[in-house]
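A closer look at the structure
The chain contents come next:
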Amino acid sequence: MKGFRKNLMSSWFFEFFGYGSIAVASYLALYFERVGYTRFEIGVLMASSPLAVILSAPLLGRLADFVSSRSNLLFLMGILAAGFSWMLCANFGFTLDFLIAFAMFSFIMSSIPIGESAMLSSPLIGEHRFNKVRLMGTVGFAMISLLTGYLVTHGFILLFFLLSLNAVVMALAGWRLPNARSEKIVVEESFIRTMLKNWNLRSFFVLSFFQMMTMGYHFSFFPIYANHVFHDERVLGYLILIQTLAEIPVLLTLPLLRRRFPMRVLGIMISLGFSTRWFLTSFFFQGIAAFFIQLLHGLGVVPLAFLSMMEINRTIPVQMASRSQTFYWSVLNSGQIIGSVVGGAVVQNTSLRTGYLLATLISTSALIMFIGLCRGKDKEKRVN
């Protein structure tokens, strides 16, 4: 019982401060604007986060599957992330800031899927408790987003203090996570080939890629967009708080929804949530309506990622757990980096609202492709 409580508490802290780190990082766009970077440069700098996941996460995930102590690796990654966050505060110029941000995000964004793969593989947590543990990530994101919104009004040095603090606590919590892994050495098939054989995973990977293109734009430019509408960083904190709290009912009910509805129905619901949100953000994002629009966030990234992670956990052998989860995050972030950079180029020559109209088009196209993949699956079953 004592070991169970220790692992559960460590998992709660890891999720709370891990996703809290992402919340703080979302405010970096305001800092980059304040020091004089153009909107295109801001898009490139914010794209360092998904780029880090694409290039670093698969390598660190493979390393985590082979090292004797995954928890020690998580501790080291968190400490390195804290150090690089303070270096970013020094403002060395565009090129060096990009490299420092890339290094910082490499360790922050790779730690989360590695830690969550440990939780999903652990008999103490597993799928039956993971949704409630993941709920702490949502709570952490909401609370720390609100706190960050207040702190940045008193100076951006507090932004970097909070970013490094989150990374250190995440490192300590990761050090205490369950170290569940299989010691059995096997001759294994390519984990990517194993994943792509699963129709649900294949269709959700395509859906994730294109929907995360829209999130890449949103992640990079929403703080600027909201600040231009309301002219108050504190309102931005509340807006992010509302969108994050919208994840809670989804997380609590998602295991039930997964049992009651097929994956294709849930995928269509998710896509409609994305498209509706971006369309409304383009034309009705003002006053109290903005807060209601933010509630649609619950139908977006969290159910998309959660369902895919659960399917990976059920399908992929434990020997490939960390690299499979980090590969999925690479899929998410490869879409995000395109959305961030292309979005930066679009708003440089048009407007922030035009970027959300483009996101609406991409989300709707993703829905059509997802339906097409599902129909292809049905045709293949009938032929066989």
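Residues numbered from 1 in each chain as written. Predicted model: local features only at pLDDT ≥ 70, side-chain atom pairs only at ≥ 80, totals over all residues. Heavy atoms only, no water.

Here's the deal with the environment of Gln 286
Mapped onto the elements of the fold, Gln 286 is located in the loop between α13 (263-284) and α14 (289-294). Given a relative accessible area of 54%, Gln 286 falls into the exposed group. Placed 56 residues apart in sequence, Gln 286 and Phe 230 show a C-alpha to C-alpha distance of 7.9 Å. In this structure, Gln 286 is in contact with Val 229 and Phe 230, ignoring residues within four places of it in sequence. (Helix = DSSP H or I, 4+ residues; strand = E, 2+ residues; numbered from the N terminus. Buried < 20%, exposed > 50% of the residue type's maximum accessible area, 1.4 Å probe, protein only. Contact = heavy atoms within 4.5 Å.)

Topic: the side chain of Ser 308
For Ser 308, the location among the structural elements is in helix α15 (residues 301-315). Residue contacts for Ser 308: discarding those within four places in its chain leaves Leu 201, Phe 204, Ser 208 and Tyr 328.

Considerations on a nonpolar patch on the surface
Residues Ile 79, Val 168, Leu 172 and Trp 175 make up a contiguous nonpolar surface patch of about 350 Å² in total accessible area. Looking at the nonpolar patch, the element that brings in the most residues is helix α8 (residues 157-175), giving 3 residues. (Patch = residues over 30% accessible without salt bridge, like charges linked within 9 Å, V, L, I, M, F, W, Y side chains within 5 Å. Areas by Shrake-Rupley, 256 points an atom, 1.4 Å probe, with all protein chains shown as cover. Salt bridge = Lys/Arg side-chain N within 4 Å of Asp/Glu carboxyl O.)

Considering the nonpolar core
By size, the foremost hydrophobic cluster in this structure holds 114 residues, and its most contacted members are Leu 28, Phe 32, Leu 159 and Tyr 328. Aside from chain neighbours lying at most four places away, what touches Phe 32 is Tyr 37, Ile 42, Leu 45, Met 46 and Leu 88. (Core = buried A, V, L, I, M, F, W, Y, C linked by side-chain atoms within 4.5 Å.)

What about the packing of helix α7 (residues 126-151) against α8?
At a minimum axis distance of 9 Å, the contact between α7 and α8 shows a crossing angle of 155°. In this view, α7 runs roughly antiparallel relative to α8, as classed from their interaxial angle. For the element pair α7 and α8, the recorded crossing hand is right-handed. On α8, the residues touching Ile 144, Leu 147, Thr 148 and Leu 151 of α7 are Leu 158, Leu 159, Leu 162 and Asn 166. Its residues assigned to classes, the contact of α7 with α8 shows 6 nonpolar, 2 polar and no charged. (Axes fitted to C-alpha atoms, helices over the stretch in contact; angles between N-to-C directions. Parallel < 35°, antiparallel > 145°, perpendicular 65-115°, else oblique. Left-handed = near helix turned anticlockwise from the far one by under 90°. Nonpolar A, V, L, I, M, F, W, Y, C, P; charged D, E, K, R; others polar.)

Focus: the pattern of salt bridges
Side-chain pairs of opposite charge can arise where the charged atoms are in close proximity. Evaluation of the coordinates by the stated rule reveals 1 salt bridge. In this structure, the salt-bridge partner of Glu 311 is Arg 258, at a minimum N-O distance of 3.4 Å. With Glu 311 in helix α15 and Arg 258 in helix α12 (residues 247-260), the pair connects residues that are 53 residues apart, well separated along the chain. Accessibility expressed as a relative area gives 8% for Glu 311, which makes it buried. Judged by its relative accessible area of 17%, Arg 258 is buried.

Purely geometric numbers; function is a separate question.
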